[in-house]
Amino acid sequence: MIVRIMGEGQVTVDESHLPELDKLDDELLAEMESGDEAGFRRTLTALLDAVRRLGTPLPDDSLEPSQLILPASDATLEEVRELLGDEGLIPG
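Residues numbered from 1 in each chain as written. Predicted model: local features only at pLDDT ≥ 70, side-chain atom pairs only at ≥ 80, totals over all residues. Heavy atoms only, no water.

(A) Spatial organisation of a nonpolar patch on the surface. A cluster of nonpolar side chains, namely Met-6, Ile-69 and Leu-83, defines an oily patch on the protein surface of about 250 Å² accessible area. Note on placement: Ile-69 falls in strand β4 (residues 68-70). (Patch = residues over 30% accessible without salt bridge, like charges linked within 9 Å, V, L, I, M, F, W, Y side chains within 5 Å. Areas by Shrake-Rupley, 256 points an atom, 1.4 Å probe, with all protein chains shown as cover. Salt bridge = Lys/Arg side-chain N within 4 Å of Asp/Glu carboxyl O. Helix = DSSP H or I, 4+ residues; strand = E, 2+ residues; numbered from the N terminus.)

Right, here's the structure in full:
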């Protein structure tokens, strides 16, 4: 699957890693709902770090359709709320 981190580019992530990413997404959603700014920041960083660690960057000149779009690491809680669907940042 192709994942875009806003402001950074795209990486390919094997779908076998979705359970790990989904767990972090669930934590992020819970922290947002409770208004836990520190937890939100920590979990967003962990989610983006996991995508970077598990993914393989696509060339800068490549522009493929992204199955997932994640916020930039400096995104605010409000900005991420606007991106969320009913299932969080990562559907499933």
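More follows now that the structure is in view.
(B) Molecular detail of the sheet that holds strand β1 (residues 2-5). Pairing within the open sheet is mixed, and its four strands lie in the order β3-β2-β1-β4. The open sheet terminates on both sides in strands that have one partner only, identified here as β3 (56-57) and β4. Here β1 runs beside β4; their pairing, made up of three bridges, is parallel. Note on β4: the bridge partner recorded for Arg-4 is Ile-69. (Pairing = 2+ DSSP bridges.)

(C) Looking closely at the environment of Ile-90. Of note, Ile-90 is situated in the segment after α3 (77-83). The spacing of Ile-90 and Leu-68 is 22 residues in sequence and 6.8 Å in space, taken between C-alpha atoms.

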